[in-house]
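Commentary on secondary and tertiary structure
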Amino acid sequence: MNVAVTVNGKTYQNEVEPRLLLVHYLRDVLGLTGTHVGCDTSQCGACTIIMNGAAVKSCTVLAVQADGSSLETIEGLAQGGELHPIQKGFWEEHGLQCGFCTPGMIMTSVDLLKNNPSPSEEEIRRGIEGNLCRCTGYQNIVKAIQYAAKEMAGSAS
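Keep in mind that what you see is a predicted model, and the values were worked out from it rather than measured.

A word on the state of the cysteines
- Using the criterion set out here, one finds 0 disulfides in the structure.
- Considering cysteine sulfurs only, Cys44 is the nearest to Cys39, which forms no disulfide, with 3.7 Å between them.
- Residue Cys39 is classed as partly exposed on the basis of its relative accessible area of 28%.
- Between Cys133, a free cysteine, and Cys101, which holds the nearest cysteine sulfur, the sulfur-to-sulfur gap is 3.7 Å.

This is the structure we're talking about:
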């Protein structure tokens, strides 16, 4: 089947097998390997991307279901050599260790802060509960998201 998507502002058109998962389309067909394959069962969130403005686990979406969609991956966040505030927050607040969950955690955070620009700690923890991190204990991830929220609020004013 033919699939046409816009990923990080660039349009792609490819013929794919109907059963190809979106995460494998991004990684294997488009070469965007920042989206990680963790569990293939939607449990870990490592494959989270933004699809038509909302966070989705790309291991639960077929590439053909994304036809006509606008997608954003971790590769599309930094602009002009400048890290996105959430990426900067993860750097400044040591929100990662092994880094495997980080792309999905960051993309989930993009969606969280888009919908709630000033979340409480409880709202952040609830917002990222679909993403598993086996290294950090989450405290620095929460601090990274709080950092990003302050940075983004500062740039908006």
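A few points about the sheet that holds strand E4 (residues 54-57)
- Sheet architecture is open: 5 strands sit in the order E2-E1-E5-E3-E4, paired in mixed fashion. The open sheet has two edge strands with one neighbour each: strand E2 (10-15) and E4. Strand-to-strand, the axes of this sheet are offset by a mean angle of 40 degrees, without reference to chain direction.
- Looking at chain direction, strand E3 (residues 48-51) and strand E5 (residues 70-72) are connected through 2 bridges and run antiparallel. Directly across from Met51, in E5, lies its bridge partner Leu71.
- Across the sheet, helix H3 (residues 102-115) touches E3, E4 and E5, and the angle it forms with E3 is around 40 degrees.

Here's the deal with unusual backbone geometry
- With a phi close to 70 degrees, Ser42 is a non-glycine residue in the positive phi region.
- Structurally, Ser42 is set in the loop between helix H1 (22-29) and E3.
- For Asn52, which is not glycine, the phi dihedral falls at a positive 50 degrees.
- Here Asn52 lies in the loop between E3 and E4.

Observations concerning the pattern of salt bridges
- If you walk through the whole model with that rule in mind, you get 4 salt bridges.
- A salt bridge links Glu121 to Arg125, with the shortest nitrogen-to-oxygen separation between them at 3.1 Å. Residue Glu121 and its partner Arg125 are both found in helix H4 (residues 121-127); the two are separated by 4 residues, about one turn of the helix.

What to know about the nonpolar core
- Within the largest apolar cluster, 21 residues are counted, with the highest numbers of intra-cluster contacts made by Ile86, Phe90, Met105, Ile141 and Ile145.
- Secondary-structure elements contributing two or more residues to this core are helix H2 (85-92), H3 and helix H5 (139-156).
- Setting aside anything within four residues of it in sequence, one finds Met105 in contact with Phe90, Ile128, Asn131, Cys133, Tyr138 and Ile141.

Focus: the environment of Gln146
- Within the secondary structure, Gln146 is located in helix H5.
- Linking Gln146 and Glu93, residues 53 residues apart in sequence, is a C-alpha distance of 9.5 Å.
- Non-local contacts of Gln146, meaning those with residues more than four positions away in its chain, are made with Glu121 and Ile124.

Reading guide: rules and limits
- Residues numbered from 1 in each chain as written.
- Predicted model: local features only at pLDDT ≥ 70, side-chain atom pairs only at ≥ 80, totals over all residues.
- Heavy atoms only, no water.
- Disulfide = S-S within 2.5 Å.
- Buried < 20%, exposed > 50% of the residue type's maximum accessible area, 1.4 Å probe, protein only.
- Pairing = 2+ DSSP bridges.
- Helix = DSSP H or I, 4+ residues; strand = E, 2+ residues; numbered from the N terminus.
- Axes fitted to C-alpha atoms, helices over the stretch in contact; angles between N-to-C directions.
- Contact = heavy atoms within 4.5 Å.
- Salt bridge = Lys/Arg side-chain N within 4 Å of Asp/Glu carboxyl O.
- Core = buried A, V, L, I, M, F, W, Y, C linked by side-chain atoms within 4.5 Å.

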